[in-house]
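What follows is each chain in one-letter form.
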Amino acid sequence: TGSWARVKIGDKMGYIDRTGEVVLPCEYESIGYFQDGRAVVGKEGRFGMIDSTGKVVIEVKYERLGTFTKSRAWAKMDGKWGHIDKDGNVTTPLIYDSASDYSNSYTGSTLLAAVSIDGKYGKVDLNGKLIIPCEYIGIDYHSFGLAKVKKSVDGVPKFGYINEFGQEVIPCQYEKAEKFEGKVAKVMKEGKWCKVDESGREVGE
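Residues numbered from 1 in each chain as written. Predicted model: local features only at pLDDT ≥ 70, side-chain atom pairs only at ≥ 80, totals over all residues. Heavy atoms only, no water.

Caption draft 1: Broad picture of the pairing of strand β1 (residues 5-9). Judged from the 5 bridges that link them, β1 and strand β2 (residues 12-16) form a sheet pairing that is antiparallel. Bridge assignment links I9 to a residue of β2, and that residue is K12. The turn joining β1 and β2, which pair antiparallel and follow one another in sequence, is formed by 2 residues; a positive phi near 65° is taken by G10. (Pairing = 2+ DSSP bridges. Helix = DSSP H or I, 4+ residues; strand = E, 2+ residues; numbered from the N terminus.)

What follows is the structure in structure tokens.
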């Protein structure tokens, strides 16, 4: 915090306050910056979190641990990924091969995080419910209500778009595709670029 200073003894880190009093003993190999009242700490190859008083609020047990976005942090345990909340409760089950941050740019039904199983990606909501099944080989953030996705069609990677409910509103049929900007997106089909609207209808070059 602003009134603390990080100190180091040997290869261990801690915090002292402005009077020199120890507020966090030098027992951690790494200490992250505070965000939303929490800081990631590492010891013996494991990670947890402390609060602004130096109290351990999330047990130092995870193999990897992210910082909070939208009050959720990705976490890795026993080789599997999910999400936890600020109290250390698991919100997304730790069953995935990867898990991303929730995007700060979105709210409501588009507040999703990407997860993957066996190289296929989907998305979970803030409560860890799988909203978009893990069936895509690539998935982007939602932009103007639609997210670009990529999947194998007869062995060939193709792009399309899904809405926040996981419905493929524009089929994966394009060789290349860009994010929606407003109500249109640029796509390439049979080597030619054009623009499509939110329904997939071509609206010009």
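Resuming the write-up.
Caption draft 2: Empty space enclosed by the protein, seen in detail. Per the counting criterion, the structure on display carries 1 cavity of 30 Å³ or more. Looking at the largest cavity, its volume works out to about 30 Å³. Around the largest cavity, the lining residues are Y33, Q35, R38, A39, V40, M49, T67 and F68. Of the residues belonging to the lining of the largest cavity, the class tally is 5 nonpolar, 2 polar and 1 charged. (1 Å grid on protein atoms, 1.4 Å probe; cavity = no way out; pocket = protein on both sides within 12 Å on 5 of 7 lines; lining within 4 Å. Points joined across faces, edges and corners; volume = space filled by probe spheres on them. Nonpolar A, V, L, I, M, F, W, Y, C, P; charged D, E, K, R; others polar.)

Caption draft 3: Representation of the nonpolar core. The biggest cluster of nonpolar side chains holds 11 residues, and these are L146, F159, Y161, I170, Y174, A177, F180, A185, V187, C194 and V196. The contact partners of L146, leaving out residues within four places of it in the chain, are Y141, Y161, I162, N163, V169, F180 and E198. In terms of nonpolar packing, the next biggest core, distinct from the first, is built from 10 residues, I58, L65, A73 and I84 among them. (Core = buried A, V, L, I, M, F, W, Y, C linked by side-chain atoms within 4.5 Å. Buried < 20%, exposed > 50% of the residue type's maximum accessible area, 1.4 Å probe, protein only. Contact = heavy atoms within 4.5 Å.)

Caption draft 4: Here's a closer look at unusual backbone geometry. In this structure, D36 is a non-glycine residue whose phi angle is positive, near 55°. The residue D36 is located in the loop between β4 (30-31) and β5 (39-43) in this model. Note on D36: relative accessible area 47%, which makes it partly exposed. Its identity is not glycine, yet F144 carries a phi of approximately 55°, on the positive side. By the secondary structure assignment, F144 is in the loop between β16 (138-143) and β17 (146-153).

Caption draft 5: Geometry of the pairing of strand β18 (residues 156-163). Counting buried positions along β18 yields 6 of 8 residues, so the element is predominantly enclosed. Looking at chain direction, β17 and β18 are connected through 8 bridges and run antiparallel. Across the sheet, V153 pairs through a bridge with V156, a residue of β18. The turn joining β17 and β18, which pair antiparallel and follow one another in sequence, is formed by 2 residues; a positive phi near 55° is taken by D154. As paired strands, β18 and strand β19 (residues 168-174) are joined by 3 bridges and run antiparallel to one another. Counterpart to Y161 in the pairing with β19 is I170.

Caption draft 6: A look at the sheet that holds strand β22 (residues 192-197). Ordered in space as β20-β21-β22-β23, the 4 strands form an open sheet in which the pairing is antiparallel. The open sheet is flanked by β20 (176-177) and β23 (202-204), the only strands paired with a single partner. Bridging between strand β21 (residues 184-189) and β22 involves 6 bridges; their strand directions are antiparallel. Its bridge partner being in β22, V184 is matched across the sheet by D197.

Caption draft 7: Region of the structure containing the environment of Y141. Assignment of secondary structure puts Y141 in strand β16. Separated by 30 residues in sequence, Y141 and L111 have C-alpha atoms that sit 9.5 Å apart.

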